[in-house]
Amino acid sequence: MKKEDLLSPGISACVGCIVESSLRLALKVLGRNTVLAIPPGCMGGTGVVGWENTMGTKIPVFFPLFPNTASMLSGIAAAYEYQGKKINVVGFVGDGGTADIGLQALSGAVERNSDIIYICYDNEGYMNTGMQRSSTTSYGAWTSTTPLGKKGKGKTQNRKDMAMIMAAHDMPYVATASPAFPLDYTKKIEKAMKLKPSYIHILNPCLTGWKYPSEKAIEVAKLSVQSCAWPLYEIENGTLKITHKPGKIRPIKEYVETQGRFKHLTEEEIEEYQNDVNRKWIRLLNLEKIPA
Amino acid sequence: MAKTTIEVLNGNRAASYGVILSKPHVIAAYPITPQTPLIEYIAQAIADGELDAKSLEVESEHSAMSALEGASLAGARTFTATSSQGLAYMYEPVYRASTLRLPIVMNIANREMDSPQTLWCGHSDSVGVRSAGWIQFYAENNQEILDTTIQAFKIAESKEVLLPVMVCYDGFFLSHSSEPVEIPNQSDVDSFLPPYQPNQAILDPEHPMAIDPLTPSSLLTSYRYKQVKAMEASKEVIKNINKEYYNKFGRNYHGLIEAYKCEDAEAILVTTGSMTGTARYIVDKFRLEGNRLGLIKLRVLSPFPAEELVKHTSQAKAIGVIDRHVQFYSGTGTAYLELKSALYDHESQPIVIAFIAGLGGAEIGIKELQQAAKTTLNASKKNEKPKENIWLNLQGGSK
């Protein structure tokens, strides 16, 4: 891809962070005619909006409040609509700002059919503030607020399925993505630019929170898809299509074993995780057969 | 001045005319009693093609203010309205509107804060967010709501100011009560309020800009200082725009405060909002009986018109400040505290009495204002301050 890099080379993300590359790639597709919201979270903290008198991007960029990315975007889109301007109005938001504190504003903005593109970079927790659990943290995972101990066994609840929640809004375009499948991701961004409001949920492994060596990010991301823990699909005007079907599905055990946050899981717990993944994968295969 | 019409309007309807005549581009609002009819009137005006604006029927007040901040950053003139709990729920983006220096206008149909559950008037909602950096007007009647709403856009958008403005009016007492209101002509309003020309932080791909990068304390401190200076500068702007409005439309609200029969007054009542009309009547009545009573109506609580108040009260021996809210930390209202603070730096040291009244829709009528007037006059004659703050509606009296 030869498109222009619109993100500063000096972003201070963790060494090996692939959220930064997911954003860089997204901006290459979105181009200069874009306004970008980066709320509090890893990308805000690493200086994507900027520091003092410098800015982190070559496009207009701003810090929304934690809960209001989508409502601010919907106001921007309304103003541009009034002015007759066609500009990509984009949010790049973590899982906390999306699935937890920002969910109401996002649901409202999409229900109002706002002309916005919303990308959730999900690293399964509040990684910027030191790895607290969020509603998208996987079952069983250690986080700093679901610690291990005499009674603590990691997170005891399932993760919130944001893509399906957004699909239930009957919106034009919903997709899941992975940094290990960049062409799948960029194609989805291209579609998201045409079919608005649009929502892309990209599962971004986090080396510090998930506890794996920094060079393993793509490997972990790839395993999340190949094990069907994170299936890649899109829902275009109500029609679901799985965009990558693993030739050989890898056992969830392989995915789990790449990450320190799961190392306390027992064989039985891993088996439970496998059963849950199987159940959801079969459901997805069935959903693909249903006409819109 | 072109031809105007006079109609019998409730406060919300009068406010809607002020909004429609000001031609905002984006409106985002969430319904709450007693503000609701205002947003219905505006929605109808958009549906009828009388107002060309994008309307966002948002899912919360937090999103209403957030959407307007986005729209304002994209260069739109914006408006919303709310009351009580809605304003409290909105607090996070309310604070941000002023610190981003966005000229958003918001009407507040004042309603007491819960608990207990209440729907009726009180100023605890807007007074509670007074620290958030907005200019705050309090209207006396429905005509003033309409006129101040138009003025609010011009004040907010003045380049010396660039601060958001609240136009507060008493829930039910004004929002749902009707009186004759003169509706200005659109062409007159257009010449008074030119189209919005945004020239501060703007989201525009042609001119990329970062809004709110992580900011070190040195820069942040200078932003705060400039915002305080802008709030100070707004005093002159409010006075000038009042004059300009008076010259164009013939109605004078005297800028920051209105002093009524204060020149020789020994005792002065200080009021905010709809209680002022009755207080005027009480002053006239007491004057006929030979009492030197005056009245000051506070038109703004933020910026606080300290100098103007001191100027008009310097000859008085006692001042009775009637607040339609109580601050739990002081047991008094805010106007009382601010006035006392303003007087401390001056030679005149009149007695200042705190009256608490009108909470949760309680009446501030002839009886209550008579009591306030008598108490303040007595204090001026005896040169003695009542031992307690006085609650005008408290059953069984204050003990």
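The structure presented is a predicted model; accordingly, all values stated were derived computationally and were not measured. (Residues numbered from 1 in each chain as written. Chains lettered and ligands numbered in written order. Predicted model: local features only at pLDDT ≥ 70, side-chain atom pairs only at ≥ 80, totals over all residues.)

This part covers the overall build of chain A. Secondary structure summary: chain A contains eleven helices and ten strands in total. By the compact-globule yardstick of 19 Å for 292 residues, chain A fits well, its C-alpha radius of gyration being 18 Å. Dimensions of chain A, computed from C-alpha atoms along their principal axes, come out at roughly 60 × 50 × 35 Å. Split into buried and exposed, the 292 residues of chain A put 54% on the buried side. Of the contacts formed within chain A by residues at least 6 apart in sequence, a portion of 68% connects residues at least 24 apart. (Helix = DSSP H or I, 4+ residues; strand = E, 2+ residues; numbered from the N terminus. Rg over C-alpha atoms; globule rule 2.2 N^0.38 Å. Buried ≥ 20, exposed ≤ 12 C-beta atoms within 10 Å, placed from the backbone. Contact = placed C-beta atoms within 7 Å.)

What follows covers the sheet that holds strand 11 (residues 267-272) of chain B. Residue and element names in this part refer to chain B. If you walk across this open sheet you meet the six strands as 10-12-11-14-15-16, and the pairing is mixed. A single partner strand is all that each edge strand has here, and the edge strands are strand 10 (257-260) and strand 16 (390-391). Strand direction decides the pairing type here: strand 14 (residues 318-323) and strand 15 (residues 351-356), joined by six bridges, are parallel. The partner of Ile319 across the bridge, within strand 15, is Val352. Set on the sheet, helix 12 (residues 334-344) makes contact with strand 11, strand 12 (293-298), strand 14 and strand 15; between it and strand 14 the angle comes to about 145 degrees. Relative to strand 14, helix 13 (residues 366-382) is tilted by about 155 degrees, and along the sheet it contacts strand 11, strand 12, strand 14, strand 15 and strand 16. (Pairing = 2+ DSSP bridges. Axes fitted to C-alpha atoms, helices over the stretch in contact; angles between N-to-C directions.)

All names here are of chain B. Domains assigned within chain B are domain 1 (5-249) and domain 2 (257-391). The C-alpha-based centres of domain 1 and domain 2 are spaced at 28 Å. Counting residues at the interface gives 27 residues for domain 1, matched by 20 residues for domain 2. For the side of domain 1 that touches domain 2, the element with the highest residue contribution is helix 9 (residues 217-249), accounting for five residues. For the side of domain 1 that touches domain 2, the residue count by class is 14 nonpolar, seven polar and six charged. (Domains from an automatic or database assignment. Nonpolar A, V, L, I, M, F, W, Y, C, P; charged D, E, K, R; others polar.)

Residues and elements named next belong to chain A. Burial analysis of helix 9 (residues 217-226) places eight of its ten residues in the buried class, which makes it a mostly covered element. All of the buried residues along helix 9 are Ala217, Val220, Ala221, Lys222, Leu223, Ser224, Val225 and Gln226. On its buried face, helix 9 sits against strand 8 (198-203), helix 8 (207-211), strand 9 (232-236), strand 10 (239-244) and helix 10 (252-257). Trailing helix 9 by a residue or two, Cys228 shows a phi angle of about 70 degrees, which is positive.

Let us look at the interface of chain B and chain A. A common way to express how large an interface is: the accessible area buried when the components associate. Each side of the interface is counted separately: chain B has 36 residues, and chain A has 38 residues. If you list the elements that add at least two residues to the side of chain B that touches chain A, you get strand 2 (26-29), strand 3 (54-57), helix 3 (61-73), helix 5 (91-99) and strand 9 (210-211) of chain B. A total of nine residues in the side of chain B that touches chain A trace back to one element, the largest contributor, which is helix 3 of chain B. Of the residues that constitute the side of chain B that touches chain A, the class distribution is 21 nonpolar, eight polar and seven charged. Pairing of strand 4 (residues 61-62) of chain A with strand 9 of chain B involves two bridges; the strand directions are parallel. Among the inter-strand pairings, Val61(A) is bridged to a residue of strand 9 of chain B, identified as Ala210(B).

It is the contact of helix 3 (residues 69-83) of chain A with helix 3 of chain B, at a shortest axis distance of 6 Å, that shows an interaxial angle of 45 degrees. Taken together, helix 3 of chain A and helix 3 of chain B sit at an angle that is classed as oblique. By crossing handedness, the relation of helix 3 of chain A to helix 3 of chain B is classed as right-handed. Residues Ser71(A), Met72(A), Leu73(A), Ser74(A), Gly75(A), Ile76(A), Ala78(A) and Ala79(A) of helix 3 of chain A lie in contact with helix 3 of chain B, whose contacting residues are Ser63(B), Ser66(B), Ala67(B), Leu68(B), Glu69(B), Gly70(B), Ala71(B) and Leu73(B). Within the contact of helix 3 of chain A with helix 3 of chain B, the residues separate by chemical class into nine nonpolar, six polar and one charged. (Parallel < 35°, antiparallel > 145°, perpendicular 65-115°, else oblique. Left-handed = near helix turned anticlockwise from the far one by under 90°.)

In this section: the sheet that holds strand 6 (residues 117-122) of chain A. Strand order in this open sheet of nine strands is 10(A)-9(A)-7(A)-8(A)-6(A)-5(A)-1(A)-4(A)-9(B), and the pairing throughout is mixed. At either margin of the open sheet sits one strand with a lone partner, and together these are strand 10 of chain A together with strand 9 of chain B. By the bridge criterion, five bridges tie strand 5 (residues 88-94) of chain A to strand 6 of chain A in an arrangement that is parallel. Among the inter-strand pairings, Val90(A) is bridged to a residue of strand 6 of chain A, identified as Ile117(A). Across the sheet, helix 1 (residues 19-30) of chain A touches strand 1 (34-37), strand 5, strand 6 and strand 8 of chain A, and the angle it forms with strand 5 of chain A is around 170 degrees.

Judged by nonpolar contacts, the single largest core of 214 residues is most densely connected at Ile76(A), Val165(B) and Val321(B). Top contributing element to this core by residue count: helix 3 of chain A, with eight residues. Counting the residues that make up this core, at least three belong to each of domain 1 (5-249) and domain 2 (257-391) of chain B. Sequence-distant contacts of Val165(B), defined by excluding residues within four places in its chain, comprise Val105(B), Trp134(B), Ile135(B), Phe137(B), Ala152(B), Ile155(B) and Ala156(B). (Core = buried A, V, L, I, M, F, W, Y, C linked by C-beta atoms within 7 Å.)

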